[in-house]
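Summary of the model geometry
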Amino acid sequence: GAGVSQSPSNKVTEKGKDVELRCDPISGHTALYWYRQSLGQGLEFLIYFQGNSAPDKSGLPSDRFSAERTGGSVSTLTIQRTQQEDSAVYLCASSPGTSNEQFFGPGTRLTVL
Amino acid sequence: GENVEQHPSTLSVQEGDSAVIKCTYSDSASNYFPWYKQELGKRPQLIIDIRSNVGEKKDQRIAVTLNKTAKHFSLHITETQPEDSAVYFCAASIGGAQKLVFGQGTRLTINP
């Protein structure tokens, strides 16, 4: 079956603009995660959705970052008033309710000029 | 909260030799420890994982060992090949939950 998909694959924006990044998890996966990976760095946790529970937003770096998950499936990560330090690859992952294993998407490379 | 430390940050070995990457974690309630491999420009992919009820797991040339008392776990790659060159990440679950905390990664280079 299809894996996790993300769009766009690349996004170049100007400082101060808002961006939306999309994640389509594997069908039936109840958990969805967003991570940020700066060049040559590790995976920084941003936010976690599990079923109908309130999301765990503890990793969001500022109030410019927000995310939604509609209908328990597709998720959108929104960054408002982008800054140059937001430039990174944003990775989405999903996992089934019966397992801890996370399946990653290909990521969106965000460049803020 | 949970903290995962990974060492070394870079590792270079000769083709055919073994490579070992080590991680320590802080939450004694963690019960799931995966290892991900990320090739340049690609997504992280799970290569092996271990749960807290076992001490060792092997899959062909890769193995993971877990010492719950010392709260550390290690990845062992034997008979390394050029295609093993990548960044490897360890992770630990937050207690028994699905959320993972990742180590900072190890860049492994296999020299021919």
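Comments concerning the pattern of salt bridges
Across all of its chains, the model carries eight salt bridges over all chains by this definition. A salt bridge links R22 of chain A to D24 of chain A; its shortest N-O distance comes to 2.7 Å. Residue classification places R22 of chain A among the partly exposed positions, given a relative accessible area of 38%. Exposure remark for D24 of chain A: the relative accessible area of 22% places this residue in the partly exposed category. Measuring nitrogen to oxygen at the nearest pair gives 2.9 Å for the salt bridge that ties K99 of chain B to D56 of chain A. Residue K99 of chain B is located in the loop between β9 (86–93) and β10 (100–102), and its partner D56 of chain A is located in the loop between β5 (44–50) and β6 (65–69); the two belong to separate chains.

Re unusual backbone geometry
P8 of chain A follows S7 of chain A through a cis peptide bond whose omega is -10°. Structurally, P8 of chain A can be placed in the loop between β1 (5–7) and β2 (10–13). The amide bond that connects H7 of chain B to the next residue, P8 of chain B, takes the cis arrangement and shows omega of -5°. Along the polypeptide, P8 of chain B turns up in the loop between β1 (4–7) and β2 (10–14). A positive phi angle, close to 55°, is found at K71 of chain B, a residue other than glycine.

Some remarks on the interface of chain A and chain B
Taken residue by residue, the interface counts 24 residues in chain A and 15 residues in chain B. Taken together, the two surfaces of chain A and chain B that pack against each other cover about 1700 Å², and 47% of this comes from carbon and sulfur. Considering only the surface of chain A that becomes buried against chain B, L43, N100 and F104 of chain A emerge as the three largest contributors, covering 37% of it. Scanning the region where chain A abuts chain B turns up one salt bridge. Inspection of the region where chain A meets chain B yields seven residue pairs in polar contact (both at pLDDT 80 or more). Within the residue set of the side of chain A that touches chain B, elements represented by two or more residues are β4 (31–37), β5 and β8 (88–95) of chain A.

Definitions and cut-offs
- Residue positions are counted from 1 within each chain, in the order its sequence is given.
- Throughout, the order in which chains and ligands are written sets their labels, letters from A for the former and numbers from 1 for the latter.
- Selection of residues for local features in this predicted model requires a pLDDT of at least 70, selection of side-chain atom pairs for listing and counting requires 80 or more, and totals for whole chains, interfaces and linings are taken over all residues.
- Note: side-chain values were computed over all heavy atoms of the structure, leaving out hydrogens and water.
- Salt-bridge detection follows one rule: a side-chain nitrogen of Lys or Arg within 4 Å of a carboxyl oxygen of Asp or Glu.
- Only protein chains enter the accessibility calculation, which uses a 1.4 Å probe. A residue is then buried if its area is under 20% of the maximum for its type, exposed if over 50%, and partly exposed in between.
- Comment: elements are numbered from the N terminus, with helices defined as DSSP H or I runs of at least four residues and strands as E runs of at least two.
- Contacts are residue-level and defined by heavy atoms, with any inter-residue pair within 4.5 Å sufficient.
- Put simply, buried area is the surface a 1.4 Å probe can reach on two separate parts but cannot reach once they are joined, added for both.
- For this analysis, a polar contact is any N or O atom pair within 3.5 Å, provided that within protein one partner can donate a hydrogen and the other can accept it, and provided that sequence-adjacent residues contribute only side-chain to side-chain pairs.

Just distances and angles here, no functional claims.
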